[in-house]
Amino acid sequence: MFGSFYFNTMSNRIPFQKPYTSAHDLVCLLQSRGLTVTDTSKAESYLEYIGYYRLSAYMYPLLQMPKEQHRYKPSATFSQVMMLYRFDKKLRLLIFNEIEKIEVAVRSAIVNIGSAMTGNPFWMTDCSNFIDAGKFCRTMDLIDAELHRSREDFIVHFKQTYSDAYPPAWILAEVLPFGVITNIFSNIKVARIKKSIARRFGLQVAPFESWLTIVTLTRNSCCHHARVWNKQNTIRPMLPN
């Protein structure tokens, strides 16, 4: 049944045949579709250094309905496209600045509460503290990769000074991506540890995990200079009780 569905899906696909188009020709295309471009040389420069595909997300709201006809509204201009692009850039920087505060606070809560309640400085690398052994192994692979890659002075000092295989949680957390930290939290075995961490932020565990997912996805968008304005997330944050 799955094979039949996959075959039918594949049979409806077509080869990608659109050729590469120069910045000059793209400006001409936009003008032919009704977009006002007052300074064509500047527009070509933006398309060369930013990219048509990246900017197309900011052109889309300026299209007339039905949008599939690719005709721009009578008042639409390339200057409006760049205004939306610059607005998104400023919004991304603002969001990232606030996410930094959340991330630092979450890291600290997971490290401190986990260490205090387990009584084990190395609890993050101890399999007995986690529910899913497979997920723990995948997390350990990521931890090993980060430690191998890290050239931080405190990591080098730990390796040269101590015989332990891994640093304690409060050192380890400083070199782990936020996504790994959230994976560690979601896999914690003892429910009261997770509850205590979530309670630090006034939430139950389920909405807290949900919000961490959204924060991680948004953070990644900001880090990769991806669009955050007018973007529909596939995952919605859960509302607390």
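Everything here concerns the structure above.
The present account deals with the structure reproduced in this document. Here the structure is a predicted model, which means the values were calculated and not measured. (Residues numbered from 1 in each chain as written. Predicted model: local features only at pLDDT ≥ 70, side-chain atom pairs only at ≥ 80, totals over all residues. Heavy atoms only, no water.)

Quick look at the packing of aromatic side chains
What the rule picks out here adds up to 8 aromatic pairs. Between tryptophan 123 and phenylalanine 130, the ring centres sit 6.2 Å apart and the planes meet at 20 degrees, which makes this aromatic pair stacked. Residue class for tryptophan 123 comes out buried when judged on its relative accessible area of 1%. Judged by relative accessible area, which is 4%, phenylalanine 130 ranks as buried. Centre to centre, the rings of phenylalanine 158 and tyrosine 162 are 5.0 Å apart; their planes meet at 35 degrees, and the pair counts as tilted. In textbook terms, an aromatic cluster arises when at least three aromatic residues are bridged by ring pairs, as seen for Tyr58, Tyr85 and Trp229. Its end group placed over the ring of tyrosine 60, lysine 67 keeps NZ or CZ at 4.8 Å from the ring centre. Residue placement shows lysine 194 over the ring face of phenylalanine 185; its charged tip is 5.4 Å from the ring centre. (Phe/Tyr/Trp six-rings, centres within 6.5 Å; stacked < 30°, edge-to-face > 60°. Buried < 20%, exposed > 50% of the residue type's maximum accessible area, 1.4 Å probe, protein only. Lys NZ or Arg CZ within 6 Å of the ring centre and 35° of its normal.)

Things to note about the packing of helix α5 (residues 78-118) against helix α10 (residues 191-199)
Look at α5 against α10: their axes get within 10 Å of each other, and the N-to-C directions meet at 145 degrees. Handedness of the α5/α10 crossing: right-handed. In contact with Ala109, Ile110, Ile113, Gly114, Met117 and Thr118 of α5, α10 contributes Arg192, Ile193, Ser196 and Ile197. When its residues are assigned to classes, the contact of α5 with α10 shows 6 nonpolar, 3 polar and 1 charged. (Axes fitted to C-alpha atoms, helices over the stretch in contact; angles between N-to-C directions. Helix = DSSP H or I, 4+ residues; strand = E, 2+ residues; numbered from the N terminus. Left-handed = near helix turned anticlockwise from the far one by under 90°. Contact = heavy atoms within 4.5 Å. Nonpolar A, V, L, I, M, F, W, Y, C, P; charged D, E, K, R; others polar.)

A short note on the pattern of salt bridges
Tallied over the full model, the rule gives 6 salt bridges. Notably, a salt bridge pairs glutamate 103 with arginine 107, separated by 2.9 Å at the nearest N-O pair. One end of the pair, glutamate 103, and the other, arginine 107, are both in helix α5, 4 residues apart, so they sit about a helical turn from each other. Here glutamate 103 and arginine 107 have matching classes, each one buried. The network of salt bridges with common partners includes Glu103, Arg107 and Arg219. (Salt bridge = Lys/Arg side-chain N within 4 Å of Asp/Glu carboxyl O.)

Structural notes on the side chain of glutamate 44
Tracing the chain through its elements places glutamate 44 in helix α3 (residues 40-49). In this structure, glutamate 44 is buried with no salt-bridge partner, the nearest side chain bearing the opposite charge being lysine 42 at 13 Å. Not counting residues within four places of it along the chain, the set of residues in contact with glutamate 44 comprises Ala23, His24 and Val27. (Lys, Arg positive; Asp, Glu negative; His and termini not counted.)

Let's talk about α10
If you check which residues of α10 are buried, you get Ile193, Lys194, Ser196, Ile197 and Ala198. The secondary structure elements touched by the buried residues of α10 are α5, α9 (178-186) and α11 (205-223).

Points about the packing of α5 against α9
In the contact formed by α5 and α9, the axes pass within 11 Å of each other and the chain directions differ by 40 degrees. Judged by the inter-axis angle, α5 sits oblique to α9. The element α5 and its partner α9 pack so that their crossing is left-handed. Facing α5, whose interface residues are Glu103, Val106, Arg107 and Ile110, α9 presents Phe178, Ile181 and Phe185. Residue composition of the contact of α5 with α9, grouped by class: 5 nonpolar, no polar and 2 charged. (Parallel < 35°, antiparallel > 145°, perpendicular 65-115°, else oblique.)

Digging into helix α4 (residues 52-59)
Given 3.6 residues per helical turn, the α-helix brings residues three or four places apart onto the same face. Along α4, the residues that are buried comprise Leu55, Tyr58 and Met59. What you see down the axis of α4 is that its buried residues fit within an arc of 105 degrees, all on one side. On its buried face, α4 sits against α2 (23-32), α3 and α5. (Arc of directions from axis to C-beta.)

Focus on the state of the cysteines
Applying the stated rule across the entire model yields 0 disulfides. We note that cysteine 222 lacks a disulfide partner, and the nearest cysteine sulfur, in cysteine 223, lies 6.9 Å from it. A relative accessible area of 7% means that cysteine 222 is categorised as buried. Assessed through its relative accessible area of 33%, cysteine 223 is described here as partly exposed. (Disulfide = S-S within 2.5 Å.)

Remarks on unusual backbone geometry
In this chain, methionine 65 is followed by proline 66 through a cis amide linkage whose omega measures -10 degrees. For proline 66, the position within the fold is in the loop between α4 and α5. One non-glycine residue, histidine 225, lies in the positive phi region at around 60 degrees. Here histidine 225 shows up in the segment after α11. Positioned with a positive phi, asparagine 230 is a non-glycine residue whose angle comes to about 60 degrees. Within the element layout of this structure, asparagine 230 appears in the segment after α11.

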